[in-house]
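Architecture at a glance
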Amino acid sequence: MAFNDLFLRACRCEQTERTPIWMMRQAGRYMSEYRAIREKYGFLEMCKTPDLAVEVTMQPVDLIGVDAAILFADILLPLEGMGLDLEFAKGEGPVIHNPVRSRGDVDKLRISDPIEDTGYVMDAIRLLREELKEKVPLIGFAGAPFTLASYMIEGGSTRAYVNCKTLMWQDPEAWNGLMEVTTDTVIAYLMAQVEAGAQAVQVFDSWVGFLSPADYKEYVLPHSKRLIEEISKGGVPVIHFANNAGAMLDLVTEAGGDVIGLDWRIDIAKAIDIVGLDYAVQGNIDPMTLFAPPEIIERKVADILEAVGTRPGHIFNLGHGIHKTTDPDNARVLVKAVHDHSSRIRGNA
Ligand code: CP3
């Protein structure tokens, strides 16, 4: 089979004969093939064993038919090399046992060494490029500085960001120190991924939508901007996904990226108006649409594709990660609907 480069061409805003699609969190628990492996290994153990990471990365490519692979890993992996004690506790999600709460805690952090501390990620990337040779491109990824800092400060998932915002406002120097060491870590980590063979990279700012636009602009944007400027030197497309950030999409775009990721809370035509023609866009169907009957999935896909029209530079995706109880058959319905309908719109049916 010939290599499918639709995703890479769409990232560069080139015309494509149909719209490429991949799904955030496409390698995961909604697939029985993933659960069968996960039963035998811990989550971190899977991330740190390149053969297992390769196997689960390939599952949605081979079984769902997406147009890009995303490395199986986690945004929190580089935190270990920074000096944080990370655990994925059963049923709880990530836990950091020594959260960052003060200037002193920030001063103890190091820039993680991508090879020494996370060489297993680079090994998985090299193996994956072999595996994917005649298939689809490989996306690497990392967390954005704010999202990573929020985990480091809160020590896990949170709803109110009490400790995070308190540090940001009470000790802006400590905050900036934390954002800097995190940004430096992510720059080194993503450059190493590109060097190992990642053909695009996505920066996940999953929780930045909890900030007001003014706080984003003052406390986060300069760091995200520096990160994206630096990793752009790697020469592969950068996807900037800021979740729940439709109300500050102008600022997210200002921070940069070749592709701006959109969650489902914003109308894609409005988003395109804000983002402009110099960027590709990625998104943005509500992941819960996959719980609707096939004809509704098809209608929602058509709505998005028709709103985009023949504008070059659209990558179809969910507006956030796929839910763990999704029926994989519905993910297949989604992929087929995107392929069929976009071929009709783009004149290749
Ligand atoms: O997209 C993919 O398929 C690649 C793999 C991937 C994972 N995590 C695997 C994973 C990616 C891209 C991530 C990124 C990630 N990790 C983000 C940003 C994406 C987003 O959703 O906004 C965040 C915030 C994390 C942190 C994280 N990892 C949390 C909060 C959790 C627990 C919540 C949950 O869904 O259980 C994880 C665990 C995790 N990361 C799992 C997977 C497949 C589930 C682990 C398991 O098998 O038990």
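First, a word on scope: everything that follows refers to the structure included in this document. (Residues numbered from 1 in each chain as written. Predicted model: local features only at pLDDT ≥ 70, side-chain atom pairs only at ≥ 80, totals over all residues. Heavy atoms only, no water.)

Let us look at unusual backbone geometry. Peptide bonds are mostly trans, and most non-glycine residues show a negative phi. Glycine 283 connects to asparagine 284 through a cis peptide bond whose omega is -5°. Phi at tyrosine 161 takes a positive value of approximately 60°, unusual for a residue other than glycine. Mapped onto the elements, tyrosine 161 comes out in the loop between α8 (145-154) and α9 (162-170). Residue classification places tyrosine 161 among the buried residues on the basis of a relative accessible area of 3%. (Helix = DSSP H or I, 4+ residues; strand = E, 2+ residues; numbered from the N terminus. Buried < 20%, exposed > 50% of the residue type's maximum accessible area, 1.4 Å probe, protein only.)

Our next topic: the side chain of arginine 346. As for its placement among the helices and strands, arginine 346 is situated in the segment after α15 (328-345). Although arginine 346 lies buried, it forms no salt bridge, and the closest oppositely charged side chain, glutamate 17, sits 9.0 Å away as judged by the N-O distance. Polar side-chain contacts of arginine 346 include one of 3.3 Å to the side chain of threonine 19. With residues near it in sequence (within four places) discarded, arginine 346 still touches Gln15, Thr16, Glu17, Arg18, Thr19, Val308, Gly309, Thr310, Arg311, Pro312 and His314. (Lys, Arg positive; Asp, Glu negative; His and termini not counted. Salt bridge = Lys/Arg side-chain N within 4 Å of Asp/Glu carboxyl O. Polar contact = N/O pair within 3.5 Å; in protein donor to acceptor, adjacent residues only side chain to side chain. Contact = heavy atoms within 4.5 Å.)

Throughout the structure, instances matching the rule amount to eight aromatic pairs. The interplanar angle of 85° and the centroid separation of 5.6 Å between the aromatic rings of phenylalanine 141 and phenylalanine 204 together place this pair among those described as edge-to-face. Taken together, the residues span a long stretch of sequence, with phenylalanine 141 in strand β4 (residues 138-143) and phenylalanine 204 in strand β5 (residues 200-205) at a distance of 63 residues. Overall, phenylalanine 204 belongs to the buried group, its relative accessible area being 12%. When the ring centre of tryptophan 264 is taken as origin, the NZ or CZ atom of arginine 265, which lies over that ring, is 3.9 Å away. (Phe/Tyr/Trp six-rings, centres within 6.5 Å; stacked < 30°, edge-to-face > 60°. Lys NZ or Arg CZ within 6 Å of the ring centre and 35° of its normal.)

Strand order in the open sheet formed by seven strands is β1-β4-β5-β6-β7-β8-β9, with parallel pairing between adjacent strands. Two strands close off the open sheet at either side, each with one partner strand: β1 (69-70) and β9 (314-315). In terms of strand pairing, β4 meets β5 through five bridges, oriented parallel. Across the sheet, residue alanine 142 finds its bridge partner in β5, namely valine 203. (Pairing = 2+ DSSP bridges.)

On to the nonpolar core. Ranked by internal contacts, the top residues of the largest apolar core, which has 129 residues, are Phe7, Trp175 and Leu334. With near-sequence residues (within four places) excluded, phenylalanine 7 lies in contact with Pro20, Trp22, Asp67, Ala68, Pro137, Ile139, Ala200, Ile239, Gln282 and Ile315. (Core = buried A, V, L, I, M, F, W, Y, C linked by side-chain atoms within 4.5 Å.)

In this structure, the largest pocket encloses a volume near 1,700 Å³. Arg25, Arg29, Asp74, Pro94 and Tyr151 are the residues nearest the centre of the largest pocket, which is lined by 46 residues in total. Secondary structure elements with two or more residues in the lining of the largest pocket: α2 (32-38), β2 (86-89) and β3 (93-96). When its volume is computed, the second largest pocket comes out at roughly 200 Å³. (1 Å grid on protein atoms, 1.4 Å probe; cavity = no way out; pocket = protein on both sides within 12 Å on 5 of 7 lines; lining within 4 Å. Points joined across faces, edges and corners; volume = space filled by probe spheres on them.)

This part covers the site of the ligand. Lining the immediate surroundings of the ligand are 23 residues, of which Arg29, Tyr34, Asp74, Ser206 and His320 lie closest. Between aspartate 74 and the ligand, the recorded distance is 2.7 Å, taken from a side-chain N or O atom to a nitrogen atom. Serine 206 is positioned such that a nitrogen or oxygen atom in its side chain is 2.4 Å from an oxygen atom of the ligand. Its free accessible area being 880 Å², the ligand has 89% of it covered by the protein chains. Its residues placed into classes, the shell around the ligand shows 15 nonpolar, four polar and four charged. (Near = heavy atom within 4 Å. Areas by Shrake-Rupley, 256 points an atom, 1.4 Å probe, with all protein chains shown as cover. Nonpolar A, V, L, I, M, F, W, Y, C, P; charged D, E, K, R; others polar.)

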